[in-house]
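As a plain string of letters, each chain reads:
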Amino acid sequence: MHYQGIAPGRPFPVDRPLNRRDLERRLFQSERIDAPDPYSDLSVIRLTSVYLEIVDKYYGWKGWAMFIFNAVAVAALCFLLFVVVTDILHMRQVGTADFFGSGIATVLFGSVGVVALHLGRFEWGHYTHYPIRLNRKTRMVHVFRKDGTVLSVPWDEVFFTLDRDGGFWEIRGHVLEADRETVRETFALGTFSTLDNHEGMPMLWAHWEFFRRYMEDGPEAVAPFVKQALPVDGKRESFRVGYEVLASHFRAPGAVGAVLAAIGWPIIAVSSLGRWVAMRLSRIPEWPNEIEEVNRVDADDPYDIDARINPPELR
């Protein structure tokens with residue numbers, strides 16, 4: 001659950017100079033990295049000869065914050081209701097001390113409930129997801145922001161690097177000022193994040209290579225590695241799709257995978273319900289007409305890949 005960049009109080013650091021970590025972990029658009037096969041993770045919405053559209057890094061975890069914060073809010077408000085009802089039923093026996101105690105409890109638990117609802121609102125009060133389009137014809141990157149506006153920047157002008165959200169590394173794109181040193185805006189590219197270890201980092205580089213090779217080498221370089229696409233183009237996902245996305249974080253081979261599945265199943269089920277509610281309370285993102293105009297795809301495009309490749313229950 002890595003929410004830097006979208007959760008209240010956790011913005012990406014901007015209006016700052018590039019630091020040593022940015023420079024040391026820089027990813028160059030023109031340099032191929034020898035890594036495992038390009039890795040799309042659960043990120044692709046649609047891949048065509050014109051553009052690649054992917055979900056944001058927050059999409060895969062959506063539902064957890066809704067579940068946690070709203071569980072706290074409901075518990076606090078239920079306790080508050082219990083205090084109020086108890087005081088009403090025993091009004092004649094309530095003394096001054098009890099009255100003030102109930103007042104303090106009302107303020108305390110009411111505040112906890114309101115704050116919890118506010119903190120969790122970033123998952124249900126905005127958009128179902130925040131798509132990113134990489135257009136290889138115009139060589140532009142279009143990023144759908146939290147407020148519904150769109151960042152458009154040339155692919156070759158983005159300063160890509162690896163950085164951490166908590167202890168997990170991810171791909172970030174910095175949009176720089178004219179001095180090419182000051183960070184004006186930052187976005188996360190892709191969905192895969194990992195600890196800094198000998199297994200995770202090569203997969204993160206492979207995730208970067210998926211996007212880099214699409215832009216530099218074309219769709220034929222990465223299309224074979226897309227095994228499943230997300231059915232969120234102009235619509236909300238189904239409960240089944242949301243469950244599968246959350247469950248993907250608990251999947252591992254062998255006995256470890258079986259243990260994780262057994263432990264995680266009830267948590268995933270409840271969180272999936274929170275995810276389903278959050279999706280229904282969120283708006284579906286719509287690209288502005290001027291962006292749709294430059295992203296038109298031919299009807300006979302040989303590389304038009306979307307959720308139609310999925311099994312019927314995941315479309």
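Residues numbered from 1 in each chain as written. Predicted model: local features only at pLDDT ≥ 70, side-chain atom pairs only at ≥ 80, totals over all residues. Heavy atoms only, no water.

A. The nonpolar core, seen in detail. Membership of the largest hydrophobic core comes to 32 residues, with the highest contact counts inside it found for Leu-47, Leu-52, Leu-134, Phe-160, Phe-187 and Leu-189. Those elements that place two or more of their residues in this core are strand 3 (44-47), strand 4 (51-54), strand 5 (132-135), strand 6 (140-144), strand 7 (150-154), strand 8 (159-165), strand 9 (168-176) and helix 4 (200-217). With seven residues, the top contributor of residues to this core is helix 4. Excluding residues within four positions of it along the chain, Leu-189 makes contact with Ile-54, Ile-132, Leu-134, Phe-160, Ile-171, Trp-208 and Phe-211. (Core = buried A, V, L, I, M, F, W, Y, C linked by side-chain atoms within 4.5 Å. Buried < 20%, exposed > 50% of the residue type's maximum accessible area, 1.4 Å probe, protein only. Helix = DSSP H or I, 4+ residues; strand = E, 2+ residues; numbered from the N terminus. Contact = heavy atoms within 4.5 Å.)

B. Expanded view of the pairing of strand 9. Burial analysis of strand 9 places eight of its nine residues in the buried class, the great majority of the element. In the sheet, strand 9 pairs with strand 10 (residues 182-188) via five bridges, with the strands oriented antiparallel. Note that in strand 10 the partner of Leu-176 across the bridge is Val-183. (Pairing = 2+ DSSP bridges.)

C. How the structure looks around the sheet that holds strand 1 (residues 16-17). A sheet is described by the order of its strands in space; here five strands give the open sequence 1-10-9-8-2, paired in antiparallel fashion. The sheet is open, and its two borders are formed by strand 1 and strand 2 (26-27), each paired with just one other strand. Here helix 4 sits on the sheet and contacts strand 2, strand 8 and strand 9; the angle it forms with strand 9, its principal contact strand, is near 35°. (Axes fitted to C-alpha atoms, helices over the stretch in contact; angles between N-to-C directions.)

D. Expanded view of the layout of surface pockets. Quantified by volume, the largest pocket comes out at close to 850 Å³. Considering the residues around the largest pocket, the lining is formed by 35 residues, among which Tyr-39, Asp-41, Phe-192, Ser-248 and His-249 are closest to the centre. Counting only elements with at least two residues in the lining of the largest pocket, the list comes to helix 4 and helix 5 (239-247). Here the lining of the largest pocket gets three residues from one element, more than from any other, and that element is helix 5. Residues that form the lining of the largest pocket fall into these classes: 17 nonpolar, eleven polar and seven charged. (1 Å grid on protein atoms, 1.4 Å probe; cavity = no way out; pocket = protein on both sides within 12 Å on 5 of 7 lines; lining within 4 Å. Points joined across faces, edges and corners; volume = space filled by probe spheres on them. Nonpolar A, V, L, I, M, F, W, Y, C, P; charged D, E, K, R; others polar.)

E. Geometry of the side chain of His-207. As for its position among the elements, His-207 is in helix 4. Those residues in contact with His-207, other than ones at most four positions away along the chain, are Tyr-39, Ser-40, Asp-41, Ser-43, Ile-171, Gly-190, Thr-191 and Phe-192.

F. Quick look at unusual backbone geometry. For Asp-15, which is not glycine, the phi dihedral falls at a positive 55°. If you trace the backbone, Asp-15 turns up in the segment before strand 1. Asp-15 gets classed as exposed once you look at its relative accessible area, which sits at 62%. For Asp-41, which is not glycine, the phi dihedral falls at a positive 55°. Position of Asp-41 relative to the elements: it lies in the loop between strand 2 and strand 3. On the basis of relative accessible area, Asp-41 is assigned to the partly exposed category, the value being 24%.

G. Representation of the sheet that holds strand 4. Strand order across the open sheet formed by five strands is 3-4-5-6-7, with antiparallel pairing between neighbours. For this open sheet the edge positions go to strand 3 and strand 7, each flanked by a neighbour on one side alone. For this sheet the average axis-to-axis angle between neighbouring strands, irrespective of direction, equals 15°. Pairing analysis gives three bridges linking strand 3 to strand 4, with the strands arranged antiparallel. What sits directly across from Val-44, in strand 4, is Ile-54. Strand contacts of helix 4: strand 3, strand 4, strand 5 and strand 6, with the helix running at about 160° to strand 4, the strand carrying the most contacts.

H. Summary view of the pairing of strand 4. Side-chain alternation along strand 4 places Tyr-51 and Glu-53 on one buried face and Leu-52 and Ile-54 on a second face that is also buried. From the end of strand 3 to the start of strand 4, which pair antiparallel, there are three residues.

I. Quick peek at the pattern of salt bridges. A complete count under the given rule lists 22 salt bridges for this structure. The residue Arg-10 makes a salt bridge to Asp-165 at a minimum N-O spacing of 2.8 Å. Placement of the pair is Arg-10 in the segment before strand 1 and Asp-165 in strand 8, with a sequence separation of 155 residues. Classification of Arg-10 as partly exposed rests on a relative accessible area of 34%. As a salt-bridge pair, Asp-22 and Arg-16 come within 2.9 Å of each other at their nearest N and O atoms. What makes Arg-16 buried here is its relative accessible area of 13%. Among the charged side chains, a network of salt bridges with common partners joins Arg-10, Arg-21, Lys-57, Asp-163, Asp-165, Glu-170 and Arg-172. (Salt bridge = Lys/Arg side-chain N within 4 Å of Asp/Glu carboxyl O.)

J. How the structure looks around the side chain of His-142. Secondary-structure assignment places His-142 in strand 6. Looking at His-142, its side chain comes within polar contact range of the side chain of Ser-152, at 2.7 Å. (Polar contact = N/O pair within 3.5 Å; in protein donor to acceptor, adjacent residues only side chain to side chain.)

K. Expanded view of the packing of aromatic side chains. Scanning all chains against the criterion turns up ten aromatic pairs. Residues Phe-144 and Trp-287 carry aromatic rings whose centres are separated by 5.8 Å and whose planes lie at 90° to one another, so their mutual orientation is edge-to-face. In this pair, Phe-144 sits in strand 6 while Trp-287 sits in the loop between helix 6 (254-280) and helix 7 (289-293), placing the two residues 143 residues apart along the sequence. The same class applies to Phe-144 as to Trp-287, namely buried. Judged by centre distance (6.2 Å) and plane angle (90°), the ring pair of Phe-160 and Phe-187 falls under edge-to-face. Highlighted residues: Phe-160 in strand 8 and Phe-187 in strand 10, separated in sequence by 27 residues. As far as burial versus exposure is concerned, Phe-160 and Phe-187 are alike and both buried. Here Arg-283 stacks its cationic end above the ring of Tyr-127, 4.5 Å away from the centre of that ring. (Phe/Tyr/Trp six-rings, centres within 6.5 Å; stacked < 30°, edge-to-face > 60°. Lys NZ or Arg CZ within 6 Å of the ring centre and 35° of its normal.)

From the geometry alone we can't say anything about function, so treat these as descriptive.
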